[in-house]
Amino acid sequence: MANILVVDDELGIRDLLWEILNDEGHSVEVAENAAQARAARLRDRPDLVLLDIWMPDTDGVTLLKEWSSTGALTMPVIMMSGHATIDTAVEATKIGALAFLEKPITLQKLLKAVEQGLTRGAVRKPTPSVLASVVLPLQDTSARVEPVSVPVPDTGPQSEQRFMLDKPLREARDEFEKAYFEFHLAKEHGSMTRVADKTGLERTHLYRKLKQLGVDLTRGKRVGT
């Protein structure tokens, strides 16, 4: 789970991005202007920032320059805009932006950009285990014991189910649909966004359907560490 800051003066955009990224298991902070963004960056130390270019007080490119010139650009920043020119996108990239997303932002492009940004940010921060592997002395392998493979039971979602057919059609159909959605929830780690995309249902319709079938919405939900 990552800590992501969304900076956009449009309430609808902030709410949409918050919902999608939160559904993906991330912790999301929102800001509607540069002042709030500065405070959130100092307070929460985000792993990634989604930054709108056109804002009423200080535009995103100016804020990006500020962070870059003061040494505060320590996290990947993805710029967003529905009206920016190619020159603006190139300028932001030269300053230090990782990528540029044009509004309206598609779900696939958003998730791909976020994944790439977090991967890039993780490369910048070596983990203690990586550092330890650098400074630890070489081990004596003269008396090495070969590891023993122990079979681990597969606890993932099961793609095959058995149903009792000697019952009314409605009951049998409900059982099938419940098992179907539970399978996809487990497979997508509880992400309603991804399940809606996989099953071809609109999110609101999907949510009502799961409630109707009595599906546990926390099933397979990703737990942050």
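I will try to describe carefully the structure that is included in this document. (Residues numbered from 1 in each chain as written. Predicted model: local features only at pLDDT ≥ 70, side-chain atom pairs only at ≥ 80, totals over all residues. Heavy atoms only, no water.)

## Focus on the overall build of the chain
From N to C terminus, the chain includes nine helices and five strands. Secondary structure elements of the chain occur, N-terminal to C-terminal, as β-α-β-α-β-α-β-α-β-α-α-α-α-α. When contacts within the chain are restricted to residue pairs at least 6 apart in sequence, those whose partners lie at least 24 apart make up 63%. (Helix = DSSP H or I, 4+ residues; strand = E, 2+ residues; numbered from the N terminus. Contact = heavy atoms within 4.5 Å.)

## Focus: the pairing of strand β5 (residues 99-102)
Pairing of strand β4 (residues 77-81) with β5 involves four bridges; the strand directions are parallel. Counterpart to M80 in the pairing with β5 is L101. Read as a crossover between parallel neighbours, the route from β4 over helix α4 (residues 86-95) to β5 is right-handed. (Pairing = 2+ DSSP bridges. Right-handed = clockwise from strand over helix to strand, strands pointing away.)

## Concerning the sheet that holds strand β3 (residues 48-52)
Here five strands make up an open sheet; going across it, the order is β2-β1-β3-β4-β5 and the pairing parallel. At either margin of the open sheet sits one strand with a lone partner, and together these are β2 (27-31) and β5. Ignoring which end each strand starts from, the neighbouring axes of this sheet average 20° apart. When strand β1 (residues 3-7) meets β2, the two strands line up parallel, connected through five bridges. Counterpart to V7 in the pairing with β2 is A31. Sheet contacts for helix α1 (residues 11-23): β1, β2, β3 and β4; angle to β2, the most-contacted strand, approximately 170°. (Axes fitted to C-alpha atoms, helices over the stretch in contact; angles between N-to-C directions.)

## So, the side chain of R14
Structurally, the position occupied by R14 is in helix α1. With near-sequence residues (within four places) excluded, R14 lies in contact with V6, D8, D9, V30, A31 and E32.

## A closer look at the packing of helix α7 (residues 169-187) against helix α9 (residues 203-213)
Angle between the axes and distance between the axes: these two values describe a pair of packed helices. Look at α7 against α9: their axes get within 10 Å of each other, and the N-to-C directions meet at 120°. If you check the angle between α7 and α9, you find them oblique. α9 is crossed by α7, and the crossing has left-handed handedness. Between α7 and α9, the residues in contact are R170, D174, E177, K178, F181 and L185 and L206, K209, L210, Q212 and L213, respectively. For the contact of α7 with α9, the per-class residue count stands at five nonpolar, one polar and five charged. (Parallel < 35°, antiparallel > 145°, perpendicular 65-115°, else oblique. Left-handed = near helix turned anticlockwise from the far one by under 90°. Nonpolar A, V, L, I, M, F, W, Y, C, P; charged D, E, K, R; others polar.)

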